[in-house]
Amino acid sequence: MNEPLLLVGIVILICVLIHRWTEKLPVPSLLIFLGLGMLFGENGILRIPFDDYLMSEWICSIALVFIIYYGGFGINLKEAKKVIVPSVLLSTVGVVLTTVFVGLFVHWTLKLSLLEGMLIGAVISSTDAASVFSVLRAQKLSLKYSTDSMLEMESGSNDPFSYMLTVVFTALLLAQEVSIPLLLISQVVFGCLAGILMGKIGVYALHRLNTSLDQAETILVVATVLIAYAFPAVFGGNGYISVY
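Treat the numbers as computed from the prediction; the structure is a model and nothing was measured.

### Section: the packing of helix 6 (residues 114-123) against helix 9 (residues 159-173)
- The contact between helix 6 and helix 9 brings their axes to 8 Å, and the two run at 160 degrees. As far as their axial angle goes, helix 9 and helix 6 are roughly antiparallel. For the crossing formed where helix 6 meets helix 9, the hand is left-handed. In contact with Leu-115, Glu-116, Met-118, Leu-119, Ala-122 and Val-123 of helix 6, helix 9 contributes Ser-162, Leu-165, Thr-166, Phe-169, Thr-170, Leu-172 and Leu-173.
- For the contact of helix 6 with helix 9, a count of residues per class yields nine nonpolar, three polar and one charged.

Okay, structure coming up:
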């Protein structure tokens, strides 16, 4: 573990050091960090081999947990209430329409099957939360009609529908049976209820926390974030897909 830890530490240090410089560039800083990752990759200058897809999924999932939390934590609730309806429409109907349009375009231009085109559309249909937060907050943009709050809410809440569509089209391509109603209940209804419940419990615990440990509040927040993400996945069930 020493060499991977050393590499991770170096990458994080480089990202921190160049952050002030990237803020002055007229492009999202996320693009710079993606380029940095490509330099470290197999086809980059350092040519570091990496093909552990399971570990990649774990790392990305853990990062996504805190990216979404950071986005939700920084949203102005007063402003968010004004745009909750268009935000929900964009993160649901907007994702579906994007999937359909991209899927049809891929089907016609790349000559792939319709299901394969729809799968590609589903994968890229969600707005990247990290990019949106980076652009809006790093540049301190304040858009008219609370558009910035709407974009932040949409980008942080559209992943369930994108994930659901990806699961549906993957199951259809693999000749599996998929239950869309159960998928909706698991990914949307149960997920939202569990998130609200964990948020209420976390706030209640923070207000009544009585401990001599100075860092207890930070530890409690991290624990709440992890449980809020994992609880719906563990107890929501995966019974909406079965092999023929």
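### Notes on helix 11 (residues 216-235)
- The end-to-end C-alpha distance of helix 11, which contains 20 residues, comes to 27 Å, matching closely the 28 Å that a straight helix rising 1.5 Å per residue would cover.
- When helix 11 is considered as a whole, its buried residues turn out to be Ala-216, Thr-224, Val-225 and Pro-232.

### Things to note about the packing of aromatic side chains
- Counted according to the given criterion, the structure contains one aromatic pair.
- Seen from their ring centres, Phe-190 and Phe-231 are 6.0 Å apart, and the 25 degrees between their planes marks the pair as stacked. With Phe-190 in helix 10 (residues 180-207) and Phe-231 in helix 11, the pair connects residues that are 41 residues apart, well separated along the chain.

### Focus: the side chain of Ser-91
- Summarising the element assignment, Ser-91 is placed in helix 5 (residues 84-109).
- Of the residues examined, Ser-91 reaches a relative accessible area of 3% and is grouped as buried.
- Here Val-88 takes part through its backbone oxygen, which lies 3.1 Å from a polar atom of the side chain of Ser-91.
- With residues near it in sequence (within four places) discarded, Ser-91 still touches Glu-154, Ser-157, Asn-158 and Phe-161.

### Details of the nonpolar core
- In terms of nonpolar packing, the biggest core is built from eleven residues, these being Val-95, Met-118, Ala-122, Phe-161, Met-164, Leu-165, Val-168, Phe-169, Ala-171, Val-178 and Leu-183.
- Where this core is concerned, the elements lending two or more residues are helix 6 and helix 9.
- Element by element, the count of residues in this core is highest for helix 9, at six residues.

### Topic: helix 9
- Between its terminal C-alpha atoms helix 9 stretches 21 Å, which fits the 21 Å expected from 15 residues at 1.5 Å a residue.
- Of all the residues in helix 9, the buried ones are Phe-161, Ser-162, Met-164, Leu-165, Val-167, Val-168, Phe-169 and Ala-171.
- Directly after helix 9, the chain includes Ala-175, whose backbone phi takes a positive value near 60 degrees.

### So, the environment of Val-83
- Following the sequence through the fold, Val-83 ends up in the loop between helix 4 (77-80) and helix 5.
- Take Val-83: its relative accessible area is 5%, and that puts it in the buried class.
- Residues Val-83 and Thr-147 lie 64 residues apart in sequence; the distance between their C-alpha atoms is 7.9 Å.

Reading guide: rules and limits
Along each chain, the written sequence defines residue order, and numbers are assigned to residues from 1. Local features in this predicted model are restricted to residues of pLDDT 70 or higher, and side-chain atom pairs are both shown and tallied only at a pLDDT of 80 or more, whereas totals for entire chains, interfaces and linings draw on every residue. Calculated side-chain values reflect all of the structure's heavy atoms, with hydrogen atoms and water omitted. Axis lines are fitted through C-alpha atoms, for helices just across the contact stretch, and the angle between N-to-C directions can take any value from 0 to 180 degrees. Strands here are runs of E lasting at least two residues and helices are runs of H or I lasting at least four, both read from the DSSP assignment and numbered beginning at the N terminus. When describing relative orientation, an angle under 35 degrees is termed roughly parallel and one over 145 degrees roughly antiparallel, while 65 to 115 degrees is termed roughly perpendicular and anything else oblique. Handedness of a helix crossing follows the sense of rotation of the near helix relative to the far helix, less than a right angle counterclockwise being left-handed and clockwise being right-handed. Should any heavy atoms of two residues lie within 4.5 Å, those residues are considered in contact. In this classification, the charged set is Asp, Glu, Lys and Arg, the nonpolar set is Ala, Val, Leu, Ile, Met, Phe, Trp, Tyr, Cys and Pro, and all remaining amino acids, among them Gly, are polar. Take the number of residues in a helix, subtract one, and multiply by 1.5 Å to get its expected span. Burial status follows relative accessibility: with a 1.4 Å probe on protein chains alone, a residue under 20% of its type maximum counts as buried, one over 50% as exposed, and anything between as partly exposed. Aromatic pairs are defined between Phe, Tyr and Trp rings, using the six-membered ring for Trp, whenever the two ring centres lie within 6.5 Å; interplanar angles under 30 degrees are classed as stacked, those over 60 as edge-to-face, and all others as tilted. Here a polar contact is recorded for every N or O atom pair within 3.5 Å, except that within protein the pair must consist of a potential hydrogen donor and a potential acceptor, and residues adjacent in sequence are included only if both atoms are side-chain atoms. To form a nonpolar core, buried Ala, Val, Leu, Ile, Met, Phe, Trp, Tyr and Cys residues must be joined to one another through side-chain atoms within 4.5 Å.

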